[in-house]
Amino acid sequence: MGSLLLSTAMAYGAAFQLNLQGVRQLAQGGTGTAVPWDASTIFYNPGGLSALKNVNAYCSVQFLSANTRYVETPTGSYSADSKAKTYTPFNFYVGGPVRYKSKLSLGLGVYTPFGTGIKWDDNWRGRYVIQDIQLQSVFFQPTASYRFNDVISVGAGFVIATGNVKIQKAIPLQSGGQDGMAELKGNAMGYGYNIGVHLRASDNIQFGISYRSGVKMKVKRGYANFTVPSSLSGSFPYTAFKSDINLPQVVSAGIGVKVTERLGLQADANFVGWSSYDSLIFDYETNTASLTDTRSPRRYKNTLIVRLGANYLIGQKWTVMLGAAYDPTPVRDGYLSPDLPDNDHIMTTGGFVFKPNKKLAIMGVLEYVFTPVREGSLNEAQFSGRYQTKIINPGIGLNYEF
Amino acid sequence: MKKLYILGLMAFVASCKPNIEPEKPTKGDGVDFSSYVAVGNSLTAGYADNSLYRSGQENSYPSMLAEQFKTVGGGVFRQPLLPGEYGYPSAKLVLGSRQGLCDTAASLAPIPYTGALDTVGSSINIFNTAGPFNNMGIPGIRCIDFVIPGYGFLNPYARRMFASPTGSRPVDEVVVAKPTFFTLWIGSNDVLGYATSGGEGPTAPGGTNKISDVDQFNAAYDSVLSNLRRKGAQGVLLNIPDVTSIPFCTTIPAKGLMLSKNDANLLNNAYNSLNGFIRFNEGANYFIIEDSSVPTKFRHIQEGEYILLSTPQDSIKCKGWGTKKPIPGKYVLTGNEVTKIKTATAAFNNIIYLMARRESLAMVDMNSYLKTLQTGITFNGAGFNANFVSGGAFSLDGVHLTPRGYALVANQILMAINNKYKSTIPLVDVNKYKGIQFP
């Protein structure tokens, strides 16, 4: 029966790297390597943690909804919309100097740097490629930071990554006109690190460099469940599977300039090593003539993200923020899949900080992502079309400075 | 001011929704789909699983095309639909569990459908109640049959749908529905009968198991095409597939005789007198076939020769066919016969090619396309190949296609039309139709 189960095209794109780890950073186009605003610097630049004067506790949540429409090409009258769903990536950080004026700071970050999901109608035309895919990750990062002097501080965090994956798609094996189905579920685990250097060159200029390592997310024992015609059930047993997903390394550099007492500007660049995601392999514990291991080429390319942000202090209590970023897609032509129909992202952001007193900050952000319409195909599945995605992503957060 | 806020909010919400729309189909230049007529044989009728039945007709490639043509001004498309699903005249094949005489266990195999006989009355002519018909696919018809007067007498499918079944020639019947556009896929039966009978066509005159004469083919094809073109109709020609590449010929491998060391020795002893002309080894062996051209009248089959799907499996397993007894010639295509088939197919396809060029019409090279099935075709994530049953494209008779297979054909035709007339007719969603159905 050959490889009836074409390898599931599970993919991560620009959209999969969420870049939503701090409200203030997001509101300023995702910049944050140079300026340690609050405890969220544990993610953006661990070196900035010891620049914080006091212990900070931070939490935030986003409400991300993405709508994608597929239109058949080259000719056609068919279109399909992904099912509306709101995702809630969250972040929690706590950290600061071990005692007042200490050079050593410690902290912990819990955040969701990668995640994606898209659900199409079960009977849509791409059902043999994907019906539903959900990927979540939560990273735990204990972090230490050391301030050598008023200018330079460094930091490092160890990353324990957990995640889970769920994939559902139809299989072209029919009984009474009904398709078969494959469901794959598994938990993933991986390790990495996050290091950074923070420089306060003067009262008005800051620099930051950080490196987040790649993380090999290992699904050691997922489960695959196949619904097929009864006469073929022996060929599609309930089986465990293994898979590895190589999340990319990210190198970031940033600068923050205080132009006036009230206006600050930041710029960041992120190099994202997406080429780590070369192919996706599913290794089934039980193989049959019909159920063979699959290797699906992804061939992601490395990308460079550019970010700009500004903040402006109004009065004593309010700050407004604006930002923009250009996040090019790592997905090559010929690999455009409906499980993540990615394209270049042009994001615009805005937000506010309200400080009712010296210790508490209440933050809000709104992100709107433009992705140009992309036409292309997933050559492996001979599935082509035009995709348009619109993302809207409001979020709220709190930071408390002890 | 408040209104302005509301408008702004609405615009914002709207901007969160994608707004791309599919291209509107366009008809193209110099073509009119208002009356589409499909001329052909069983492949055009929607024949599948060794019979003709209603859902097969409803999922014929001309029916799919007519559905797409409706987006660019296509009209009503009438088919001579049978009353039921049983199959006419004989039962269709379905996948079921079968245990042969010498099998130790049942396995999945094509077996005759055992549902209700719901095709009673199918022999009655329905032209006056349901015609004239746009699907002029007549199972069994050869190209050279199109010019035979009274063909309706010879073919029950023709008799059922013709305007004047007793006197007309098929070439007259195909224009009754006044085509403005046509597809023409004829000629397969001019060689298929020879192939499926193992090259053992009856010697009686009029037998349909002979390969048609090339000149007769040329004249008949010209006659059909000219008649279709007389009122200026546009159309697409399809050439004929090489029947030696379909599962009917390729499913039973020539070197498919598996023997133990002991059985091989026993057989070698039995054929000892032939000084090694017949020789068996442990493992895979070439079957023994009948061949009147060699002194022994039998020999090992060779690569490039085919054992047909019609070969009784029980005879191989229980009666020693292919080992102790040669497989009879009517179940085998020898090298000589294969050459004749290929030569004829090439000659017929050359005629079709020249006719398409003469008339400046698009031609779909179905021969090449169906050969690409050997390596596999993928459509929207579903894979198809030329393997029997598992390949998904060929139906259970190993000759005709499944609805999904026919949909792949329809898309080849649509691409040729879009290319020729600069039209943008949507392709068929292949996976909307059924593939092989498993129990």
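Given the structure is predicted, the values throughout are model-derived calculations rather than measurements.

About the thresholds
- Residues numbered from 1 in each chain as written.
- Chains lettered and ligands numbered in written order.
- Predicted model: local features only at pLDDT ≥ 70, side-chain atom pairs only at ≥ 80, totals over all residues.
- Heavy atoms only, no water.
- Helix = DSSP H or I, 4+ residues; strand = E, 2+ residues; numbered from the N terminus.
- Buried < 20%, exposed > 50% of the residue type's maximum accessible area, 1.4 Å probe, protein only.
- Contact = heavy atoms within 4.5 Å.
- Areas by Shrake-Rupley, 256 points an atom, 1.4 Å probe, with all protein chains shown as cover.
- Lys, Arg positive; Asp, Glu negative; His and termini not counted.
- Charge placed at Lys NZ, Arg CZ, Asp CG, Glu CD.
- Pairing = 2+ DSSP bridges.
- Axes fitted to C-alpha atoms, helices over the stretch in contact; angles between N-to-C directions.
- Domains from an automatic or database assignment.
- Buried area = accessible area lost by both parts, 1.4 Å probe.
- Salt bridge = Lys/Arg side-chain N within 4 Å of Asp/Glu carboxyl O.
- Polar contact = N/O pair within 3.5 Å; in protein donor to acceptor, adjacent residues only side chain to side chain.
- Nonpolar A, V, L, I, M, F, W, Y, C, P; charged D, E, K, R; others polar.

Novice: I'd like to hear about the overall build of chain B, residue by residue, with values.
Specialist: Helix and strand content of chain B: 16 helices and 15 strands. When burial is assessed residue by residue, chain B has 55% of its 439 residues classed as buried. Within chain B, contacts between residues separated by at least 24 positions form 71% of all contacts whose residues are at least 6 apart in sequence. Summing over all exposed atoms, chain B offers an accessible surface of approximately 18700 Å²; the carbon and sulfur share of this is 55%. Here chain B holds 39 positive side-chain charges and 31 negative ones, and the gap between their average locations is 4 Å.

Novice: I'd like a description of the sheet that holds strand β1 (residues 36-40) of chain B, backed by residues and values.
Specialist: Residues and elements named next belong to chain B. If you trace the 5 strands from one edge of the open sheet to the other, you get β4-β1-β5-β6-β13, paired in parallel fashion. The two strands at the open ends of the sheet, each matched to only one other strand, are β4 (135-137) and β13 (362-364). Going across the sheet, the axis of each strand differs from the next one's by a mean of 15 degrees, ignoring polarity. Here β1 runs beside strand β5 (residues 181-185); their pairing, made up of 5 bridges, is parallel. In the strand pairing of β5, valine 39 is matched with leucine 184. Helix-sheet contacts for helix α10 (residues 214-229) involve β1, β5 and β6 (234-238), and the interaxial angle to β5 is about 170 degrees. Along the sheet, helix α14 (residues 335-358) makes contact with β6 and β13, crossing β6 at roughly 160 degrees.

Novice: Give a detailed account of the domain arrangement of chain B, specifying residues and quantitative values.
Specialist: All names here are of chain B. Here the domain parsing of chain B yields domain 1 (36-246 + 335-432) and domain 2 (257-333). Across the interface of domain 1 and domain 2, roughly 1200 Å² is buried in total on both sides, 60% from carbon and sulfur atoms. Its largest share of buried area at the contact with domain 2, domain 1 owes to Cys102, Gly335 and Val338, together 29% of the area lost on that side. In this structure, the connection of domain 1 to domain 2 is made through 2 salt bridges. Across the pair aspartate 103 and lysine 317 runs a salt bridge, and its minimum N-O distance is 3.2 Å. Taken together, the connections running from domain 1 to domain 2 amount to 5 residue pairs in polar contact (both at pLDDT 80 or more). When its residues are assigned to classes, the side of domain 1 that touches domain 2 shows 6 nonpolar, 8 polar and 5 charged.

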